[in-house]
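Here are the chains, one letter per residue:
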Amino acid sequence: MQATTTDAIQLAKLLLDFLSSNIWPIAFLVFLIIGRKAISSFLERVTKFTFKLGDASGNVEAVAPKTGAQERPSEITAPEVSKPQLPSSEAVEVVKEEKKKDWFGNMMEAFDRGDTGRAREIFETHQRDEKDPDQRHTNEALFLYFLYVDGKEDTALRRLEEHVERSANDQQLQRSAIWLASCYSASKDYTKAEALWLRSIAKVRGALGKTELLVRLASVYQAMGEAQKGADLIVRRLREINDPQGKAMLYSALADIEKDRGNKEIAALALEKAIEFEPANRERLFDAAYLQNEATLSVLALANYQTLIALDQKHAAALNNLAVTAGEFDLKGKQVVLYKQAIVEGNTLAMANLANLQINAGFWDEAKSVLDSARKSDEPHENVGNALYRLKSSEDEEDSKWKTLNKRAVEFKRKVRKYGECYFESGCAGQDFEGTWFTEKGNQVLVERNGGKLVASWSEGTLGGLIGGHLVYKINISGSVTNCSAKITYQRSSDQPRSLLAMAADQKIGCYSYIDDSKKVLLVFSENPKDEFELILKREVGKG
């Protein structure tokens, strides 16, 4: 299913490019035609957008980046998931009328009637008028695809294979190969699809084009049940190129593979790297933030929703989801403000979320309205003034926390990106973790490694205890190594008789860690930014 959807998305993008000189309803029609065969899920995905047709408009936002899902529901209640709205029947009828004015629409109508001869005649008439050789090549690939799928002419597949082999340049090869790969995908002939992309990769000269074809090859491996082979292919390419667009493309593809394998956390980290290289990609920002929230990386989601809203202040789904994220940090007042902004943009899920907040908690603006009315009475109760003071204090306190949280998000984002680089791209070996390190207090730490696992333990003293004037703690770290990164657990517990003070200071924290470029500093930080935990180990005492 994954490969079918991926190929269909690529087809749709190619069709948009192919029809760039035509009126947009024809492009929308293409989506409907392709979706009829293979990509009902793609139609749901494109409903992330709001479209207009003349004076009419339709909100078809299915704002979650996966099929059939909505924005992240508020933690207060989980509203029913509703299906995305499709264009009204009136809008579809308008599109059907518009398509009659264009050769492609007329050709598809002929295929729908089963009149293959008429479809061929329409195509050949248009082809005679087309002067651009690259466009002619694309037109023919497109026609042969529909002749094979809709016209049910089996010989069209062989003709399309020969047509791809006649490609004169990278553009012709890439565009025509998409149509051929989609034929193979329809019949689940992944062996031929693999061979097609391998041949195409060998022929394409441009670095970005080669990267794009490698991504498509990886999706074939994913469909074949060999996702790791596809992931390995992408990681090797990541280490070969420096082009930001190519890097973003590869990390996004890697995220798709990891998400499909159920590794949401790794997928979320990969998407964070993708937007590092294409920071203004609105769709990818939303996808990253949504997945990061699902992977309990809420502070990254917060930062990315903020960026998306800075690019598009009317992005209703992002406003709603940022409100949910604010609620996860117990910033209820800020959550309400964001819900109201989403409501102004017509987001109905935000309305439901806000209604639940009103039922269960106070609401700033409404509270202020009530209190202002109370103040105008002849004899306002003394608690009115107290309530107004508490309201202003709450606003100021949350504004201060919000600023602090955003600063923390930026710093956490920086460290996570470095961790992601060390996880995916760094070529260093696990032995770089081994040996003697020192804490900032000068405690010696011996890190040992057994295969992909590492362990270390040491003791630290903390003032304020009841035994000998201080408490002595045993520190243990353990975890798994990937390149120059490690996912570890930090645990601190007292060796001494238990007391309330000792137990209160016990810790067990899941952490990310990486070795910096100098190989002399090992940074360990909590995977949950709410903990604000960080441990720095150095190769030399007192050295930076």
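This text goes with the structure placed above it.
Residues numbered from 1 in each chain as written. Predicted model: local features only at pLDDT ≥ 70, side-chain atom pairs only at ≥ 80, totals over all residues. Heavy atoms only, no water.

## Describing the overall build of the protein
When helices and strands are counted, the protein shows 22 helices and 10 strands. Within the protein, the proportion of its 544 residues that are buried is 49%. Carbon and sulfur atoms form 50% of the exposed surface of the protein, whose accessible area is close to 26,100 Å². (Helix = DSSP H or I, 4+ residues; strand = E, 2+ residues; numbered from the N terminus. Buried < 20%, exposed > 50% of the residue type's maximum accessible area, 1.4 Å probe, protein only. Areas by Shrake-Rupley, 256 points an atom, 1.4 Å probe, with all protein chains shown as cover.)

## Here we look at helix 18 (residues 332–344)
The end-to-end C-alpha distance of helix 18 is 19 Å, a good match for the 18 Å that 13 residues give at a rise of 1.5 Å each. The set of residues buried in helix 18 consists of Gly333, Lys334, Gln335, Val336, Leu338, Tyr339 and Ala342. Positive phi appears at Gly346, one or two residues downstream of helix 18, with a value of about 90 degrees. (Expected span 1.5 Å × (residues − 1).)

## Concerning unusual backbone geometry
Here Lys188, not a glycine, exhibits a phi torsion of approximately 55 degrees, which is positive. Take Lys188: it is sitting in the loop between helix 9 (170–186) and helix 10 (190–203). By relative accessible area, Lys188 is classed as exposed at 54%. Of note, Asn483 is a non-glycine position whose phi angle comes to about 55 degrees, a positive value.

## Examining the packing of helix 5 (residues 103–113) against helix 6 (residues 116–129)
As a packed pair, helix 5 and helix 6 sit with axes 7 Å apart at the nearest point and diverge in direction by 165 degrees. In terms of orientation, helix 5 lies roughly antiparallel with respect to helix 6. The handedness of the crossing between helix 5 and helix 6 comes out as left-handed. Residues Trp103, Asn106, Met107, Ala110, Phe111 and Arg113 of helix 5 form the contact with helix 6, whose own contacting residues are Thr116, Arg118, Ala119, Ile122, Phe123 and His126. Partitioning the contact of helix 5 with helix 6 into residue classes produces 7 nonpolar, 3 polar and 2 charged. (Axes fitted to C-alpha atoms, helices over the stretch in contact; angles between N-to-C directions. Parallel < 35°, antiparallel > 145°, perpendicular 65-115°, else oblique. Left-handed = near helix turned anticlockwise from the far one by under 90°. Contact = heavy atoms within 4.5 Å. Nonpolar A, V, L, I, M, F, W, Y, C, P; charged D, E, K, R; others polar.)

## Observations concerning the pairing of strand 9 (residues 521–526)
In terms of burial, strand 9 is a largely internal element, 6 of the 6 residues being buried. The side-chain alternation of strand 9 yields two buried faces, one formed by Val521, Leu523 and Phe525 and the other by Leu522, Val524 and Ser526. Here strand 8 (residues 507–515) pairs with strand 9 via 5 bridges, running antiparallel. Residue pairing across strands places Cys511 opposite Ser526, the latter belonging to strand 9. Relative to strand 10 (residues 534–538), strand 9 runs antiparallel, the two sharing 5 bridges. If you follow Phe525 over to strand 10, its bridge partner there is Glu534. (Pairing = 2+ DSSP bridges.)

## Let's talk about the side chain of Glu161
Relative to the helices and strands, Glu161 is located in helix 8 (residues 155–165). Exposure remark for Glu161: the relative accessible area of 13% places this residue in the buried category. Each residue touching Glu161, except ones within four places of it in the same chain, is listed here: Leu180, Tyr184 and Lys192.

## Structural notes on the packing of aromatic side chains
Both the distance between ring centres and the angle between the ring planes are used here to describe each pair of aromatic rings. Evaluated as defined, the whole model comprises 18 aromatic pairs. Between Tyr251 and Phe277 the ring centres are 6.2 Å apart and the planes differ by 10 degrees, which places this aromatic pair in the stacked class. Here Tyr251 is found in helix 13 (residues 244–260), whereas its partner Phe277 is found in helix 14 (residues 264–277), with 26 residues between them in sequence. Accessibility expressed as a relative area gives 0% for Tyr251, which makes it buried. Here Arg492 stacks its cationic end above the ring of Tyr473, 4.7 Å away from the centre of that ring. (Phe/Tyr/Trp six-rings, centres within 6.5 Å; stacked < 30°, edge-to-face > 60°. Lys NZ or Arg CZ within 6 Å of the ring centre and 35° of its normal.)

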